[in-house]
Amino acid sequence: MHQKKLTIPDIRSRKNGTPISEITAYDYPLARMADAAGIDIALVGDSLGMVVLGYPDTVSVTMEEMLHHAKAVVRGIEHALVVADMPFGSYNSSIPQAIGNANRMLKEARVDAVKIEGGVTMAETVAAIVRAGIPVQGHIGLTPQTATSLGGFKVQGKSAEAARQLIDDARALEDAGCFSIVLEAIPAPLAEHITKAVAIPTIGIGAGPGCDGQVLVIHDLIGLYDRFVPKFVKQYAKISEQVIAALGQYKAEVESRAFPGAAHSFTMKTEELDKLTRLY
Ligand code: KIV
């Protein structure tokens, strides 16, 4: 079924409307599946580094790696808005560097928008990218690229003071022109507070039900990454168990010669086979 491609105004108009579904995607088949399910936003997250490339965190992910995977995702999507993460080190040196790399995401990978981690401190950079004509999704709370400075992968905004700072961060990103903001790992009541404080949609991950939408890492949701499953993840499938069982059965059938059987083999005319045997 051909569905209309979603735009930034479509996403903005969902504030206080039907909740927005966002999911990460890193390759062509998963992008196609996300689109077939009618997901609203496909995020080429830099979680790519952990769940696909096997890095210990997201810090090492490069622009080239993001572009390579973003291109594959864009090829698989007809309907969803495609957002790509700006990886660590691609936007924190200067505003021209940030605009240059955001331009690459749109021109080379053809994504619709970029995502940038950080609040008040990144607002000037975000505003410059938006002025350059590139839509930006913000990301505050637990920001994995700078998790070490935040004390690790921990819930953020638990004290009134820290919560106040996150509200300021959200407002700064809204003023900078973000079309939506990801709120990661913050208390549900604070996420509701932030959602009411800004006029752009909030997309929660570990931020409770009061946001304008939700995002999850697809490998967590379908059970394809078994090294660590955060508390806020609901696993809707355990795909890795099915894959391991299928591979085990394949190995056993290869060893017993049960595979390939006649159904998976090609035949040849008897006369040609006879001719062949006479050649020897
Ligand atoms: O990289 C990512 O997957 C993300 C989501 C956790 C929002 O930024």
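Presented here is a report on the structure given in the accompanying data block. Bear in mind the structure is a predicted one, so any value in this text is a computation, not a measurement.

Here the largest pocket defines a volume of roughly 700 Å³. Contributing to the lining of the largest pocket are 33 residues, with Leu 142, Glu 184, Ile 205, Pro 230 and Phe 232 lying nearest its centre. Among the secondary structure elements, those contributing two or more residues to the lining of the largest pocket are helix 3 (48–51), strand 4 (113–117) and strand 6 (180–184). A class-by-class count of the residues in the lining of the largest pocket yields 18 nonpolar, 7 polar and 8 charged. Within this model, the second largest pocket holds a volume of roughly 310 Å³. Lining the second largest pocket are 20 residues, with Gly 118, Gly 141, Thr 143, Thr 146 and Leu 150 sitting closest to its centre. Per-element tally for the lining of the second largest pocket: the top contributor is helix 7 (residues 160–176), with 4 residues. Taken together, the residues of the lining of the second largest pocket sort by class into 7 nonpolar, 11 polar and 2 charged.

Once that is clear, we can look at the sheet that holds strand 2 (residues 41–44). With respect to topology, 8 strands assemble into a closed barrel ordered 1-2-3-4-5-6-7-8, the strand pairing being parallel. Taking each pair of neighbouring strands and ignoring which way they run, the sheet shows an average axis angle of 25 degrees. Packed on one face of the sheet, helix 5 (residues 95–107) meets strand 3 (81–85) and strand 4 and runs near 145 degrees to strand 4.

Moving on to the site of the ligand. Taken together, the neighbourhood of the ligand is formed by Thr 24, Leu 43, Gly 45, Asp 46, Ser 47, Asp 85, Lys 115, His 139, Glu 184, Ile 205 and Val 217. Contact distances for the ligand include 2.5 Å between an oxygen atom and a side-chain N or O atom of Ser 47. Contacts to the ligand include Lys 115, whose side-chain N or O atom sits 2.8 Å from an oxygen atom. Protein contact buries 96% of the 260 Å² of open area that the ligand shows by itself. When atom positions are compared with the pocket grids, the ligand is found to occupy the largest pocket. Classifying every residue of the shell around the ligand gives 3 nonpolar, 4 polar and 4 charged.

Turning next to the packing of aromatic side chains. Here a ring pair, both rings aromatic, is described through the centre-centre distance and the interplanar angle of the planes. Per the counting criterion, the structure on display carries 1 aromatic pair. Aromatic side chains Tyr 250 and Phe 259 sit 5.9 Å apart centroid to centroid with 65 degrees between the ring planes, which places their arrangement in the edge-to-face category. For Tyr 250, a relative accessible area of 49% gives the class partly exposed.

Looking now at helix 8 (residues 188–197). The complete set of buried residues in helix 8 reads Leu 190, Ala 191, Ile 194 and Thr 195. On an axial view of helix 8, the arc spanned by its buried residues comes to 140 degrees, and they lie on one face. Exposed residues pointing more than 90 degrees away from the buried face of helix 8 are listed as Pro 189, His 193 and Lys 196. Those residues of helix 8 that are buried are in contact with helix 7, strand 6 and strand 7 (202–205).

Here we come to helix 10 (residues 239–256). Compared with the 26 Å implied by 1.5 Å per residue over 18 residues, the 26 Å span of helix 10 between its first and last C-alpha is a close match. Just downstream of helix 10 lies Arg 257, where phi reads positive at about 65 degrees.

In this section: the pairing of strand 2. Burial of the side chains of strand 2 extends over both faces: Ile 41 and Leu 43 are buried on one face and Ala 42 and Val 44 on the other. Bridging between strand 1 (residues 20–24) and strand 2 involves 3 bridges; their strand directions are parallel. Looking at the pairing, Ile 23 lines up with Ala 42 of strand 2. Viewed along the sheet, the connection from strand 1 through helix 2 (residues 28–36) into strand 2 turns out right-handed.

Rules used throughout
Residues numbered from 1 in each chain as written. Predicted model: local features only at pLDDT ≥ 70, side-chain atom pairs only at ≥ 80, totals over all residues. Heavy atoms only, no water. 1 Å grid on protein atoms, 1.4 Å probe; cavity = no way out; pocket = protein on both sides within 12 Å on 5 of 7 lines; lining within 4 Å. Points joined across faces, edges and corners; volume = space filled by probe spheres on them. Helix = DSSP H or I, 4+ residues; strand = E, 2+ residues; numbered from the N terminus. Nonpolar A, V, L, I, M, F, W, Y, C, P; charged D, E, K, R; others polar. Pairing = 2+ DSSP bridges. Axes fitted to C-alpha atoms, helices over the stretch in contact; angles between N-to-C directions. Contact = heavy atoms within 4.5 Å. Near = heavy atom within 4 Å. Polar contact = N/O pair within 3.5 Å; in protein donor to acceptor, adjacent residues only side chain to side chain. Areas by Shrake-Rupley, 256 points an atom, 1.4 Å probe, with all protein chains shown as cover. Sits in = over half its atoms within 2 Å of the grid points. Phe/Tyr/Trp six-rings, centres within 6.5 Å; stacked < 30°, edge-to-face > 60°. Buried < 20%, exposed > 50% of the residue type's maximum accessible area, 1.4 Å probe, protein only. Arc of directions from axis to C-beta. Expected span 1.5 Å × (residues − 1). Right-handed = clockwise from strand over helix to strand, strands pointing away.

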